Amino acid sequence: DQQVKQNSPSLSVQEGRISILNCDYTNSMFDYFLWYKKYPAEGPTFLISISSIKDKNEDGRFTVFLNKSAKHLSLHIVPSQPGDSAVYFCAAFTGGGNKLTFGTGTQLKVEL
Amino acid sequence: DSGVTQTPKHLITATGQRVTLRCSPRSGDLSVYWYQQSLDQGLQFLIQYYNGEERAKGNILERFSAQQFPDLHSELNLSSLELGDSALYFCASSGRVTGEQYFGPGTRLTVT
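The structure presented is a predicted model; accordingly, all values stated were derived computationally and were not measured. (Residues numbered from 1 in each chain as written. Chains lettered and ligands numbered in written order. Predicted model: local features only at pLDDT ≥ 70, side-chain atom pairs only at ≥ 80, totals over all residues. Heavy atoms only, no water.)

1. Section: the overall build of chain A
Formally: Secondary structure is summarised from DSSP: a helix means a run of H or I of at least four residues, a strand means a run of E of at least two, and numbering begins at the N terminus for each. Here the globule rule is a power law, 2.2 Å times the number of residues to the power 0.38, and the radius of gyration is based on C-alpha atoms. Burial classification: accessible surface area is computed with a 1.4 Å probe over protein chains only, and a residue below 20% of its type maximum counts as buried, one above 50% as exposed, and the rest as partly exposed. Every residue pair with non-hydrogen atoms within 4.5 Å of one another is taken to be in contact. Reported accessibility uses the Shrake-Rupley method at a 1.4 Å probe radius. Residues are deemed covered only where the shown protein chains occlude them. The convention is simple: Lys and Arg are positive, Asp and Glu are negative, and His and the chain ends are not counted. By convention, the charge on Lys lies at NZ, on Arg at CZ, on Asp at CG and on Glu at CD.
Each helix and strand in chain A was counted, giving zero helices and eleven strands. The secondary structure elements of chain A, listed N-terminal to C-terminal, are β-β-β-β-β-β-β-β-β-β-β. Over its C-alpha trace chain A gives a radius of gyration of 13 Å, about what one expects of a compact globule, namely 13 Å for 112 residues. The dimensions of chain A, computed from C-alpha atoms along their principal axes, are 40 × 30 × 20 Å. Counting across all 112 residues of chain A, residues that qualify as buried make up 46%. Looking at chain A alone, contacts between residues at least 24 apart form 54% of all its contacts between residues at least 6 apart. Accessible area for chain A stands at about 5400 Å²; split by element, carbon and sulfur atoms hold 49% of it. Charged side chains of chain A number 11 positive and 10 negative; the gap between the two group centres comes to 3 Å.

Next up, the structure:
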């Protein structure tokens, strides 16, 4: 049972444009969401998070939007840079819990 | 560099053998998590320790066990290894029982 889903295994974007990565979840008990970036041969790197009491969180070029009614979140990267090319994982957990549930990831390629 | 270290980086062993993976969390972090990433799979949560005590269990096989020592480093023991245990094993740490987790570079286990 995949409780966190990233339905697009890959995404290609031109440098300078916006990258939008999507994530859907099924467990209504999730109340804290995170995005991680992963380069080959490295561990995931924490990018940005959002609590379910918010609908938007911004950090530099990265913005995460949460739509609780649709059980959907998205990560926007503006402007996209070649160094952003990586696999992006969406993850979620319940505030009282400690088990992070990850999506299967989206490979982002930012082209020159 | 996340501050989380894992050794060894690579491990090749035969079916039926036992191996130990080691993780040192970021300085001051009390929580340690173990994850498995198999080919084409997302990260699967295995187990969490907080200040030496087991706090949460995920899809961890009975052949696998872990512990966290007084100096807060952790070891993941995998026994009676099978071909299907070949995967990347990541350790992560956080400063609280829940919250953002910071990942090590992983140990790539190959069972032949």
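2. Points about unusual backbone geometry
Pro79 of chain A follows Val78 of chain A through a cis peptide bond whose omega is -10°. Residue placement: Pro79 of chain A occurs in the loop between β8 (72–77) and β9 (86–93). Thr7 of chain B connects to Pro8 of chain B through a cis peptide bond whose omega is -10°. Secondary-structure assignment places Pro8 of chain B in the loop between β1 (5–7) and β2 (10–13). Although it is not a glycine, Lys71 of chain A sits at a positive phi angle of roughly 50°. In this fold, Lys71 of chain A is placed in the loop between β7 (62–67) and β8. Given a relative accessible area of 26%, Lys71 of chain A falls into the partly exposed group.

3. Overview of the environment of Ser94 of chain B
All names here are of chain B. For Ser94, the position within the fold is in strand β9 (residues 87–94). Along the backbone, Ser94 and Ser31 are 63 residues apart, and their C-alpha atoms lie at a distance of 5.3 Å. Contacts of Ser94, omitting those with residues within four sequence positions, involve Asp29, Leu30, Ser31, Tyr33, Glu100 and Gln101.

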